[in-house]
Amino acid sequence: MSDPMPSDLAAVETPALVVDLDRLDANLSRAADYAASHGLALRPHVKTHKSPFVAAAQLRLGAKGLTCATPREVEVMSEVSDDVLLAYPPVGRARARRIAALPESVRLIVALDSEQAASELARAARDARREIGVYVELDLGMHRVGTPTVDAAVAVARYVTECDGLTFEGLAFYPGHIRQRMSEQDAALETLDTGLARALERFHEAGLPPRVVSGGSTPTLWRTHEVPGVTEIRPGTYVFNDRQTVATGACGWDDCALTILATVVSTAVPGQAVIDAGTKALGREPVRGVEGEGFGQVLEHPEVLVSRMSEEHGVLDLGESDWQPVVGERVRVVPNHVCIVVHLHDLVYGMRGDTIHSSWPIAARGRGQIPV
Ligand SMILES: Cc1ncc(COP(=O)(O)O)c(C=O)c1O
């Protein structure tokens, strides 16, 4: 039998994930209001929270559907949403068959950039006797996935229209290369705008007008309306935010909803304190795109950074601080990249003020592969 839920943080074993529910609510509402006020459909990416609990709140606030990266996320999220996008190439028979096996009541869309992926997906759709929607992924600067040219994207879209089992729904791109401060994004957004306008023109000329143009990220979230043609946004990180998001100006320090609760386990070495959150609790992501050192920042003492880590040890650099931590003291660390951190834990504690209000499992973490 599991222990009853602790009533306050002092009773929680560390390291543990703690979410300020008021901040989470505010973050969810802000993005929902932004999308509604600009006529954009919101299809949040669940890779940040991996939780049906948070996804249900996003849907209650008007999200059209959800975006996933893994078959596991698709399966778990189909329990709360009947409209799910897999924004990841469905390459490999096992992956294609697994997602095609979703309940038929769930509208499934998949983003892809090759005829091979479309062909595998079409076969899985036919075998499962269902229709799967397709967004053709276009590279507009991220250089990760997506066809490098518009003509190649048109060719993939045309191929999709010829595949039984698939329906061409629209275009997808991910502006993940835009990580500079919001105020410095003008040139990058203009390039994006030009590239997208050219793509839309070609798709119309080819007789394949996309019904949906799906883009969006957290660093560009509040400026999406400056890129005409986008109809749907897929921000993920905005639910919790993190040091990286603060650095881009897409949120403030007080909008960081998730922290890692940790305990000071040693102050033996002068000038530093060691907490029980190392790489296996915090990840090892640098702050990218903008300046920023360390692997996390102490909420209560923002001048203190996690400067070094081992697997279970995080070293707090006290060089810039008057704070004199004692062994057993608790701190909350704002992570650099919250999505990686969530994925490393099993459970989240939700706080209202100083009281633990709820807890929920990170249900869609891991791969959910079936043992043979
Ligand atoms: C395809 C895709 N869409 C949307 C997102 C969400 O971006 P962000 O976390 O910046 O909100 C991601 C993030 O990795 C992504 O890979």
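Fair warning: this is a prediction, and the values are worked out from it, not measured in the lab.

Engineer: Please clarify how the overall build of the protein should be interpreted in this entry.
Structural biologist: Across its full length, the protein carries 10 helices and 17 strands. Rg of the C-alpha trace for the protein: 22 Å, near the compact-globule value of 21 Å for 372 residues, within the 12% margin. With the principal axes as the frame, the protein shows a C-alpha extent of 70 × 50 × 35 Å. Buried positions account for 55% of the 372 residues belonging to the protein. By sequence separation, contacts in the protein at least 24 residues apart represent 69% of the contacts at least 6 residues apart. In the structure as shown, the protein presents an accessible area of about 16200 Å², 50% of it carried by carbon and sulfur atoms.

Engineer: Is there a simple way to think about the site of the ligand in this case?
Structural biologist: Neighbouring residues of the ligand: His45, Lys47, Arg144, Tyr174, Gly216, Ser217, Thr218, Pro219, Arg234, Pro235, Gly236 and Thr237. One of the side-chain N or O atoms of Tyr174 is found 3.2 Å from an oxygen atom in the ligand. Summarising the interface, the protein chains cover 89% of the accessible area of the ligand, which totals 390 Å² for the free molecule. For the shell around the ligand, the residue count by class is 3 nonpolar, 6 polar and 3 charged.

Engineer: Just to check I follow, could you spell out the pairing of strand 6 (residues 132–137) for this structure?
Structural biologist: On any regular strand, side chains alternate: one points to one face of the sheet, the next to the other face. When you tally the buried positions in strand 6, you get 6 out of 6 residues, the bulk of the element. Here strand 6 shows no split at all, with Ile132, Val134 and Val136 on one side and Gly133, Tyr135 and Glu137 on the other all buried. Sheet topology places strand 5 (residues 107–112) next to strand 6; 4 bridges connect them, and they run parallel. Across the sheet, Ala111 pairs through a bridge with Tyr135, a residue of strand 6. In terms of handedness, the path from strand 5 via helix 5 (residues 115–127) over to strand 6 forms a crossover that is right-handed. Note: strand 6 against strand 7 (residues 166–172), 6 bridges, orientation parallel. When the bridges of strand 7 are listed, Val136 appears paired with Leu171.

Engineer: Please explain the side chain of Gln297 as it appears in this structure.
Structural biologist: Structurally, Gln297 can be placed in strand 12 (residues 296–298). In this structure the side chain of Gln297 is engaged in a polar contact, spanning 2.8 Å, whose partner is the side chain of Arg243. From its side chain, Gln297 meets the backbone oxygen of Pro302 in a polar contact 2.8 Å long.

What counts and how
- Residues numbered from 1 in each chain as written.
- Predicted model: local features only at pLDDT ≥ 70, side-chain atom pairs only at ≥ 80, totals over all residues.
- Heavy atoms only, no water.
- Helix = DSSP H or I, 4+ residues; strand = E, 2+ residues; numbered from the N terminus.
- Rg over C-alpha atoms; globule rule 2.2 N^0.38 Å.
- Buried < 20%, exposed > 50% of the residue type's maximum accessible area, 1.4 Å probe, protein only.
- Contact = heavy atoms within 4.5 Å.
- Areas by Shrake-Rupley, 256 points an atom, 1.4 Å probe, with all protein chains shown as cover.
- Near = heavy atom within 4 Å.
- Polar contact = N/O pair within 3.5 Å; in protein donor to acceptor, adjacent residues only side chain to side chain.
- Nonpolar A, V, L, I, M, F, W, Y, C, P; charged D, E, K, R; others polar.
- Pairing = 2+ DSSP bridges.
- Right-handed = clockwise from strand over helix to strand, strands pointing away.

Everything listed here is a matter of coordinates, which is why it stays silent on function.
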